[in-house]
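Analysis of the macromolecular model
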Amino acid sequence: EDQVTQSPEALRLQEGESSSLNCSYTVSGLRGLFWYRQDPGKGPEFLFTLYSAGEEKEKERLKATLTKKESFLHITAPKPEDSATYLCAGFLDSNYQLIWGAGTKLIIKP
Amino acid sequence: EAGVTQFPSHSVIEKGQTVTLRCDPISGHDNLYWYRRVMGKEIKFLLHFVKESKQDESGMPNNRFLAERTGGTYSTLKVQPAELEDSGVYFCASSPRDRGYEKLFFGSGTQLSVL
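Given the structure is predicted, the values throughout are model-derived calculations rather than measurements. (Residues numbered from 1 in each chain as written. Chains lettered and ligands numbered in written order. Predicted model: local features only at pLDDT ≥ 70, side-chain atom pairs only at ≥ 80, totals over all residues. Heavy atoms only, no water.)

**A look at the interface of chain B and chain A**
The criterion, for reference: Any two residues whose heavy atoms approach within 4.5 Å are treated as being in contact. What counts as buried area is the accessible surface, traced by a 1.4 Å probe, that two parts surrender upon association, with contributions from both included. When a carboxyl oxygen of Asp or Glu is within 4 Å of a side-chain nitrogen of Lys or Arg, the pair counts as a salt bridge. For the purposes of these results, a polar contact is taken to be a pair of N or O atoms within 3.5 Å, where, inside protein, one atom must be able to donate a hydrogen and its partner to accept one; residues adjacent in sequence count only when each atom of the pair is a side-chain atom. Going along the chain from the N terminus, every DSSP run of H or I of four or more residues is numbered as a helix, and every run of E of two or more is numbered as a strand. We call Asp, Glu, Lys and Arg charged. Ala, Val, Leu, Ile, Met, Phe, Trp, Tyr, Cys and Pro are nonpolar, and the rest, Gly among them, are polar.
Listed as interface residues are 20 residues of chain B and, on the opposing side, 20 residues of chain A. On the chain B side of the contact with chain A, Ile43(B), Tyr101(B) and Phe106(B) bury the most area, a combined 33% of that side's loss. Remark: the boundary between chain B and chain A carries zero salt bridges. Scanning the region where chain B abuts chain A turns up six residue pairs in polar contact (both at pLDDT 80 or more). Listing elements by their share of the side of chain B that touches chain A, those giving two or more residues are β4 (31-37) and β5 (43-50) of chain B. Residue classes in the side of chain B that touches chain A are distributed as eight nonpolar, six polar and six charged.

Here it is as structure tokens:
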């Protein structure tokens, strides 16, 4: 069965303390992997799309990387405004469906 | 540019009642998707429209759910009759026709509570 698993479920960091979030996947025919950010009461907001192993993308304090089995979202020197739930989702070669992980709730304390 | 708009933002109904959710996609976006997140679970795909046509409705849970997209603009998702397990957040997303899978724009969702 196609599956996307995120870890940890929740992560509390001090402001400035760098860390990484993990997204592992077992999806046949994976075309690419998305990272989204979701704030309370809002819908997911697009961050990155990764297509092939070895690919990296950056945006401000975030960097996403992809291997053949997992993706990492690295956050460098985070600020309180980076607090959110981070979601990853795989999309298939055959259709437009997204297969979502359960998310990592990130809390950055000042 | 206006984003994806969903309403109502919250709906509380009793089991057996009917509820209709509405989604207004970004103007010009041919692709429209419905997703649902049940408490404690992952977001799950419900269906995909390309303009007014249903491209994929394999995620619709049962025939109590009916989605329409008249004229290829806004979409409605009707649940009739609602059951307790239908509670959750219903998200709508849209994307442009070309390479529409690359980046989806989501609305803020409708929180549906069935009592």
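After that view, the rundown keeps rolling.
**Quick look at the sheet that holds strand β6 (residues 56-59) of chain A**
Residues and elements named next belong to chain A. Rule in force here: Here the rule is simple: two strands pair whenever DSSP picks up at least two bridges between them. Only the stretch in contact is used when a helix axis is fitted, and all axes are lines through C-alpha atoms; the angle between N-to-C directions ranges over 0 to 180 degrees.
Pairing within the open sheet is antiparallel, and its five strands lie in the order β1-β3-β8-β7-β6. At either margin of the open sheet sits one strand with a lone partner, and together these are β1 (3-7) and β6. Sheet twist, expressed as the mean angle between neighbouring strand axes with direction ignored, is 15°. Pairing analysis gives four bridges linking β6 to strand β7 (residues 62-66), with the strands arranged antiparallel. Looking at β7, one finds that Glu 58 is bridged to Lys 63.

**Overview of the environment of Leu30(A)**
Residue and element names in this part refer to chain A. Within the fold, Leu 30 resides in strand β4 (residues 30-38). Between the C-alpha atom of Leu 30 and that of Phe 46, which follows or precedes it by 16 residues, the distance is 18 Å. Other than its neighbours up to four places away in sequence, Leu 30 contacts Tyr 25, Gly 90 and Phe 91.

**Some details on the pattern of salt bridges**
For clarity, the cut-off: Burial classes follow relative accessibility: with a 1.4 Å probe on protein chains only, a residue under 20% of its type's maximum area counts as buried, one over 50% as exposed, and anything between as partly exposed.
If you walk through the whole model with that rule in mind, you get ten salt bridges over all chains. Here Arg61(A) ties to Asp82(A) by a salt bridge, and the two come within 2.8 Å at their closest N and O atoms. Of this pair, Arg61(A) sits in the loop between β6 and β7 while Asp82(A) is found in the loop between β8 (70-75) and β9 (84-92), placing the two residues 21 residues apart along the sequence. Residue classification places Asp82(A) among the buried residues on the basis of a relative accessible area of 7%. A salt bridge links Lys15(B) to Glu83(B); its shortest N-O distance comes to 4.0 Å. Linking Lys15(B) in the loop between β2 (10-13) and β3 (19-24) with Glu83(B) in the loop between β8 (75-79) and β9 (88-95), this pair joins segments that are 68 residues apart in sequence. A relative accessible area of 22% means that Glu83(B) is categorised as partly exposed. What you see here is one network of salt bridges that share partners, running through Arg64(B), Glu85(B) and Asp86(B).

**Focus: the sheet that holds β3(B)**
Whenever strands of a sheet pair, they do so through backbone hydrogen bonds, lying parallel or antiparallel. Residues and elements named next belong to chain B. Spatially, four strands are ordered β1-β3-β8-β7 in an open sheet, and the strand pairing comes out antiparallel. Strand pairing shows two members of the sheet lacking a second neighbour, β1 (5-7) and β7 (65-68), which therefore form its edges. Shown here is a sheet whose adjacent strand axes are inclined to one another by a mean of 15°, direction ignored. Examined bridge by bridge, β3 and β8 share five bridges and lie antiparallel to one another. Within β8, the residue paired with Val 19 across the bridge is Val 79.

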